[in-house]
Amino acid sequence: MRRRQAPELLCPNCAKAVPSQATGRCPHCGAMLAPPDPPLVSMARILCGRLRGSRAAQWLGTAGRVLGLYAAWLASCGIGLLNLIAMREAVLDLYVALRLSKWGYGAVANWSMFLFGLFWLVGAIYLETYYREGAARGRFLRRFLRATAVQAALLAFATMLIELAHRIA
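Residues numbered from 1 in each chain as written. Predicted model: local features only at pLDDT ≥ 70, side-chain atom pairs only at ≥ 80, totals over all residues. Heavy atoms only, no water.

Peer 1: Go over the nonpolar core, please, and point to the residues and values.
Peer 2: Core analysis: the largest hydrophobic core is formed by 6 residues, namely Ala90, Leu94, Ala97, Leu161, Ile162 and Ala165. Secondary structure elements with two or more residues in this core: helix H2 (55-97) and helix H4 (140-168). Ignoring anything within four residues of it in the chain, the contact list for Ala165 reads Asp93, Leu94 and Ala97. (Core = buried A, V, L, I, M, F, W, Y, C linked by side-chain atoms within 4.5 Å. Buried < 20%, exposed > 50% of the residue type's maximum accessible area, 1.4 Å probe, protein only. Helix = DSSP H or I, 4+ residues; strand = E, 2+ residues; numbered from the N terminus. Contact = heavy atoms within 4.5 Å.)

In structure tokens, the structure reads:
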């Protein structure tokens, strides 16, 4: 049977490969060597930025930012869908509460869904660009909080209209 060779380590000082059996000091530069970390610990250190200059850390950092950006965008799209549903319900409840023509209800239901859906789609496309450019400029969190505040205000307004319609009826 073939014996497995121990993996080589990188010296933290000179970044040269050092045999894993080496203890104490690096044979190249004389720097103190620490015992090797378990795989999960080394991955955690990469994620935390201890090895900032390495390619893996740069790739993970970029991937994390992109995934975070699109996770926030999906959350904003979900809140936008809640706004769409709430605004449509508000319009239909107000239509019923004001006792308008029963023949126009279907048109209002269909057109409100179409228009609010169109606004949602345009908003989702705009927010993706808004978040991406904000991330490039270092203003992502501010832009995300601003957009979320506007969406929360719209949701509160729709809820207020629904309550008003229920009190009128």
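The discussion continues.
Peer 1: Any chance you could break down the pattern of salt bridges for me, citing the residues and the numbers?
Peer 2: This structure, assessed with the given rule, holds 1 salt bridge. As a salt-bridge pair, Arg132 and Glu128 come within 3.1 Å of each other at their nearest N and O atoms. On the criterion of helical spacing, the pair formed by Arg132 and Glu128 is a turn pair, its members being 4 residues apart in helix H3 (residues 105-137). The exposure class assigned to Glu128 is buried, which follows from its relative accessible area of 14%. (Salt bridge = Lys/Arg side-chain N within 4 Å of Asp/Glu carboxyl O.)

Peer 1: Explain the packing of H3 against H4 residue by residue, including any values.
Peer 2: The geometry of H3 relative to H4 is characterised by a closest axis approach of 7 Å and an angle of 150° between their N-to-C directions. With respect to H4, the element H3 is oriented roughly antiparallel. Across the interface between the two elements, Leu127, Tyr130, Tyr131, Glu133, Gly134, Ala135 and Arg137 of H3 pack against Phe140, Arg143, Phe144, Arg146, Ala147 and Gln151 of H4. Considering only residue class, the contact of H3 with H4 consists of 7 nonpolar, 2 polar and 4 charged. (Axes fitted to C-alpha atoms, helices over the stretch in contact; angles between N-to-C directions. Parallel < 35°, antiparallel > 145°, perpendicular 65-115°, else oblique. Nonpolar A, V, L, I, M, F, W, Y, C, P; charged D, E, K, R; others polar.)

Peer 1: Tell me what's going on with the layout of surface pockets, and back it up with residues and numbers.
Peer 2: The gaps left among the atoms become clear once a water-sized probe is rolled over them. Computed from the structure, the second largest pocket encloses a volume of approximately 440 Å³. The wall of the second largest pocket is formed by 19 residues, among which Asn83, Phe119, Gly123, Gln151 and Leu154 lie closest to the centre. Put simply, the parts of the chain that give the lining of the second largest pocket at least two residues each are H2, H3 and H4. Among the elements that take part in the lining of the second largest pocket, H3 stands out by supplying 8 residues, more than any other. (1 Å grid on protein atoms, 1.4 Å probe; cavity = no way out; pocket = protein on both sides within 12 Å on 5 of 7 lines; lining within 4 Å. Points joined across faces, edges and corners; volume = space filled by probe spheres on them.)

Peer 1: Describe the packing of aromatic side chains, with residues and values.
Peer 2: In the structure shown here, the tally under the stated rule is 8 aromatic pairs. Here Tyr130 and Tyr131 contribute two aromatic rings whose centre-to-centre distance is 6.3 Å and whose plane-to-plane angle is 40°, an arrangement assigned as tilted. Of the two residues, Tyr130 and Tyr131, neither departs from the other in class, the shared state being buried. Within the aromatic cluster, the residues linked to one another by ring pairs are Tyr126, Tyr130, Tyr131, Phe140 and Phe144. (Phe/Tyr/Trp six-rings, centres within 6.5 Å; stacked < 30°, edge-to-face > 60°.)

Peer 1: Explain H3 to me, and be specific about the residues and the numbers.
Peer 2: Compared with the 48 Å implied by 1.5 Å per residue over 33 residues, the 47 Å span of H3 between its first and last C-alpha is a close match. Within H3 the residues assigned to the buried category are Ala109, Ser112, Phe116, Ala124, Leu127, Glu128, Tyr130, Tyr131 and Gly134. Of the residues one or two after H3, Gly138 is the one with positive phi, at around 80°. (Expected span 1.5 Å × (residues − 1).)

Peer 1: Please set out the side chain of Gln151 residue by residue, giving values where relevant.
Peer 2: Secondary-structure assignment places Gln151 in helix H4. Classification of Gln151 as buried rests on a relative accessible area of 10%. Not counting chain neighbours up to four residues away, the residues in contact with Gln151 comprise Ser76, Ile79, Gly80, Asn83 and Leu127.

Don't take any of this as a statement about function, it's just geometry.
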